[in-house]
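# Examining the three-dimensional arrangement
The chain contents come next:
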Amino acid sequence: VKNVTLLNAYRGIGLNVPPFERSNHELSRVENVKGTVLYRGLEARNSSDVGNWRNIHFSNRYWADAPTAYNPPPRATLDSWTRANGTAFTFADVEWDNFYRLSAEDYHVGIHFVDGARIAFAGQFYDVAIADSTVAIKADPDSIDSRRPHWGASFWRSALEGSVAAVENNSAGHIHLANSSVAGAFGGKYAERVRSTATASPAAEPYMEIASPPKPTRSVLYDVTRAPYHAPSTLGRIPAHDATGAIQSALNEAGEAGGGVVYLPAGWYRISSGLSVPANVELRGSSAVMNRSHPGLSNGTVLFAYREGADNPALITLDGANAGVRGLRVFYPGNRYARANSFKYYPYALRINGVADAWIVNVAIENGFRGVIAEPGSDGHYIRDVVGATTHGFIRIGASKSGWIENCHSNINFWPRNGYRVGEWMVEGRDVFWGDFLATRKRNDYLIQIENALDERLLNNFSYGGKHGIQALNSKVQAVNTGTDNVGGHTVVAGEGAVVRVVNSMRYNGSSNTAGAAESHNEMNLD
């Protein structure tokens, strides 16, 4: 759910709410939502690795200040009702999730943790503002995961205001508050398990989002399936006819004309070599959001990649300033990994070729050897909602002046889950999946590697079953809301010459949350 205004809702957004709370959901994404919601703003249950919740704001002012055509009640009337009856956010068994910039005002309860059907809550919050509430945070019995004191729910740069209580903790789980302001008491059966820590450090500076996400400045659409290109595609069967030349023709024409969007409608496209995206051109698939395959459901825009060899040019290379790719998936039909040690070597799926202000957004690399590389000189790169699974490195950043990596997610379950029907394939949960595949990733697969970058900003990134989450060398890095599960190394490791500041990290297994970091705050782990 993205970019939505709820003008005068009674219930706002529900994910697996009763009677569907026993359904399991993954990779939740709710972003840029605002509005007036009277009774329940957002309620989420039974959601696993890993949801991202970003820029969600509930206030009665949206309806109260609306034009007369929308029959706005007086603000005081709305405030009186929601202060008596309303809850802004309700979370049950939401697991490992990242929360960034949530706010609510004039509710009875700001954030309510409730008991779930599958597991207790564990997650990390950055920049939360709950104002004019009765109870800012309320935790019911058994609602927050209590397996370790350094686990549970963490808050950073938050402001919590409750007339009766800032935090009412009736769960045995721990609530960690740091660099936050609190107005109101700590209460409940387990009030002593609420910890508030003052922090004064460079890490207390806010996360700086990109000022304006890049896009082509020329609004012309080139549909590769239409004349004069006629790029062939299929859906439901392996594409036999190569589409590389036709797509490249459209890219070249857009580049020569000064830019535009080269559009690949939903379908499966065979790519035998590589594609080059010129300056001010975006190669765009059919998805406007993060997308992935599922067993039996692999529609959308998919590039079937056939060129092998790690030293070959990338499948897609961004070759000009302000070039981008968005809304598609990359799939390697020959990389089946159905038997031990049978992965294949491929070039990078996507390459930023040392050009400025390039972007890679809403792209899945489902079963690759290597994922994304930003070569030296790729200043201002913007990599967001890139998801999938590789064996030898997901994202690599070279020397650059600035860059953003946000909402990226690597998980071994991407590999077996698809509906492409290409024959023998890795089976989730079998020997190769938990054996050789996982071991290969734990030895070789970094979620993010950064070297010689002057200002790299990372937000809401997660890896399951890799080596390190983030590795930095000779770089300045701000890492907010980072998680790693079942990795071979560290969540964040800073090597020689790196200044890395980490806020909010979660870890299960592995060596430690951080190694060599200049600062690390709000570490949570199950070890």
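Coordinates for the structure precede this section.
Residues numbered from 1 in each chain as written. Predicted model: local features only at pLDDT ≥ 70, side-chain atom pairs only at ≥ 80, totals over all residues. Heavy atoms only, no water.

### As for the sheet that holds strand β28 (residues 395–397)
What counts, and what does not: Strand pairing is assigned whenever DSSP detects at least two bridges linking the two strands. In this description a helix means any DSSP run of H or I spanning at least four residues, a strand means any run of E spanning at least two, and both kinds are numbered starting from the N terminus. In this analysis, axes come from line fits to C-alpha atoms, helices being fitted only over the stretch in contact, and the angle between any two N-to-C directions falls in the range 0 to 180 degrees.
Read across the open sheet, the 9 strands follow the order β19-β22-β24-β26-β28-β31-β33-β35-β37; overall the sheet is parallel. Here the strands that pair on one side only, and so sit at the sheet edges, are β19 (275–277) and β37 (512–515). Each neighbouring strand pair of the sheet contributes to a mean axis angle of 10 degrees, computed without reference to strand direction. As defined by bridge partners, strand β22 (residues 316–318) adjoins strand β24 (residues 348–352) across 3 bridges and the pair is classed as parallel. Bridge pairing links isoleucine 316 to leucine 350 in β24.

### Here we look at the packing of aromatic side chains
What counts, and what does not: Centre distance within 6.5 Å is the pairing criterion for rings of Phe, Tyr and Trp, where only the six-membered ring of Trp is used; planes under 30 degrees apart are then read as stacked, over 60 as edge-to-face, and the remainder as tilted. Here's how the labels work: a residue is buried when its accessible area is under 20% of the maximum for its type, exposed when over 50%, partly exposed in between, all with a 1.4 Å probe on protein chains only.
Taken as a whole and judged by the stated rule, the model has 36 aromatic pairs. Look at tyrosine 10 and tyrosine 39: their rings are 5.1 Å apart centre to centre, the planes differ by 10 degrees, and that puts the pair in the stacked class. With tyrosine 10 in strand β1 (residues 2–15) and tyrosine 39 in strand β3 (residues 29–44), this pair connects stretches of sequence that are 29 residues apart. With relative accessibility at 43%, the residue tyrosine 10 sits in the partly exposed group. An aromatic cluster of at least three residues, connected via ring pairs, comprises Trp53, Phe58, Phe89, Phe91, Phe99, Phe113, Phe121, Phe125 and Phe155.

### Concerning empty space enclosed by the protein
The test is simple: Think of a 1 Å grid over the protein atoms and nothing else: a 1.4 Å probe that fits but is trapped marks a cavity, an open set flanked by protein within 12 Å on at least five of seven lines marks a pocket, and residues with an atom within 4 Å of a point count as lining. Grid points are joined across faces, edges and corners, and a volume is the space filled by probe spheres set on the points. Under the scheme applied, nonpolar residues are Ala, Val, Leu, Ile, Met, Phe, Trp, Tyr, Cys and Pro; charged residues are Asp, Glu, Lys and Arg; polar residues are all the others, including Gly.
All chains considered together, the criterion is met by 2 cavities of 30 Å³ or more. Taken as a whole, the largest cavity holds about 50 Å³ of empty space. Every residue lining the largest cavity is listed: Ser273, Ala305, Tyr306, Arg307, Ala314, Leu315, Tyr332, Tyr346, Pro347, Tyr348 and Ala349. Residue composition of the lining of the largest cavity, grouped by class: 9 nonpolar, 1 polar and 1 charged. As a volume, the second largest cavity reaches approximately 30 Å³. Around the second largest cavity, the lining residues are Lys2, Arg29, Glu31, Val289, Met290, Asn362 and Asp385. Taken together, the residues of the lining of the second largest cavity sort by class into 2 nonpolar, 1 polar and 4 charged.

### Here we look at the pairing of strand β23 (residues 324–331)
Extensive coverage of β23 is indicated by the burial of 7 of its 8 residues. The sheet contact formed by strand β20 (residues 281–284) and β23 spans 3 bridges and is parallel. Of the residues in β23, the one forming a bridge with arginine 284 is arginine 326. In this sheet, β23 lies alongside strand β21 (residues 301–305) in parallel orientation, the contact comprising 3 bridges. Within β23, the residue paired with phenylalanine 304 across the bridge is phenylalanine 331. Where β23 meets strand β25 (residues 359–368), 6 bridges bridge the pair, whose relative direction is parallel. Looking across to β25, one finds that valine 330 is bridged to isoleucine 365.

### Details of the layout of surface pockets
The calculated volume of the largest pocket comes to roughly 470 Å³. Considering the residues around the largest pocket, the lining is formed by 23 residues, among which Lys2, Pro213, Arg326, Val361 and Arg384 are closest to the centre. Counting only elements with at least two residues in the lining of the largest pocket, the list comes to β1, β3, β5 (52–58), β25 and β27 (381–390). Looking at the lining of the largest pocket residue by residue, the class counts come to 7 nonpolar, 7 polar and 9 charged. What the second largest pocket holds in volume is close to 360 Å³. Lining of the second largest pocket is provided by 17 residues; of these, His25, Glu26, Leu27, Ser28 and Arg29 occupy positions nearest its centre.

### Topic: unusual backbone geometry
In this structure, the amide linkage connecting aspartate 49 to the following residue, valine 50, adopts the cis form with an omega of -25 degrees. Along the chain, the position of valine 50 falls in the loop between β4 (47–48) and β5. Proline 228 follows alanine 227 through a cis peptide bond whose omega is 5 degrees. Of note in this structure, asparagine 71 is not a glycine but carries a positive phi near 50 degrees.

### Some words on the pairing of strand β34 (residues 476–485)
In terms of burial, β34 is largely enclosed, as 9 of its 10 residues are buried. Direction of pairing for β34 relative to strand β36 (residues 499–508): parallel, over a ladder of 9 bridges. Of the residues in β36, the one forming a bridge with threonine 484 is arginine 507.

### A few points about helix α3 (residues 244–256)
For clarity, the cut-off: Helix span, as expected, comes to 1.5 Å for every residue beyond the first. Only heavy atoms matter for contacts: two residues are in contact if any of them lie within 4.5 Å across the pair.
Given a rise of 1.5 Å per residue, 13 residues ought to cover 18 Å, and the 18 Å separating the end C-alpha atoms of α3 matches this to within 8%. Among the residues of α3, those classed as buried are Thr244, Ala246, Ile247, Gln248, Ala250, Leu251 and Ala254. Residues of α3 that are buried sit in contact with β16 (221–223), β17 (260–263), β18 (267–271), β19 and β20. Once α3 finishes, glycine 258 follows within two positions and takes phi at roughly 105 degrees, a positive value.

### Let's talk about the side chain of threonine 301
Convention followed: Polar contacts, as counted here, are pairs of nitrogen or oxygen atoms within 3.5 Å of one another; within protein the pair requires one atom able to donate a hydrogen and one able to accept it, and residues that are adjacent in sequence qualify only if both atoms are side-chain atoms.
For threonine 301, the location among the structural elements is in strand β21. There is a polar contact of 2.8 Å between the side chain of threonine 301 and the backbone oxygen of leucine 264. Separated by 3.4 Å, the side chain of threonine 301 and the backbone oxygen of proline 265 make a polar contact. Residues within four places of threonine 301 in sequence aside, it is in contact with Leu264, Pro265, Ala266, Gly267, Tyr269, Gly285, Ser286, Gly327, Leu328 and Arg329.

### Observations concerning the side chain of threonine 134
On the secondary structure map, threonine 134 appears in strand β9 (residues 122–139). Other than its neighbours up to four places away in sequence, threonine 134 contacts Arg83, Tyr107, His108, Gly162, Ser163, Val164 and Ala165.

### Quick notes on the pattern of salt bridges
What counts, and what does not: Just to be clear on terms, a salt bridge is a Lys or Arg side-chain nitrogen sitting within 4 Å of an Asp or Glu carboxyl oxygen.
Enumeration over the complete set of coordinates arrives at 30 salt bridges. Among the salt bridges present, the one from aspartate 223 reaches arginine 226, with a minimum N-O distance of 3.5 Å. Overall, the relative accessible area of 16% leaves aspartate 223 in the buried class. Accessibility expressed as a relative area gives 57% for arginine 226, which makes it exposed. In this structure, glutamate 282 and arginine 326 form a salt bridge, with 2.8 Å as the shortest nitrogen-oxygen distance. Of this pair, glutamate 282 sits in strand β20 while arginine 326 sits in strand β23; the two residues are 44 residues apart in sequence, bridging distant segments of the chain.

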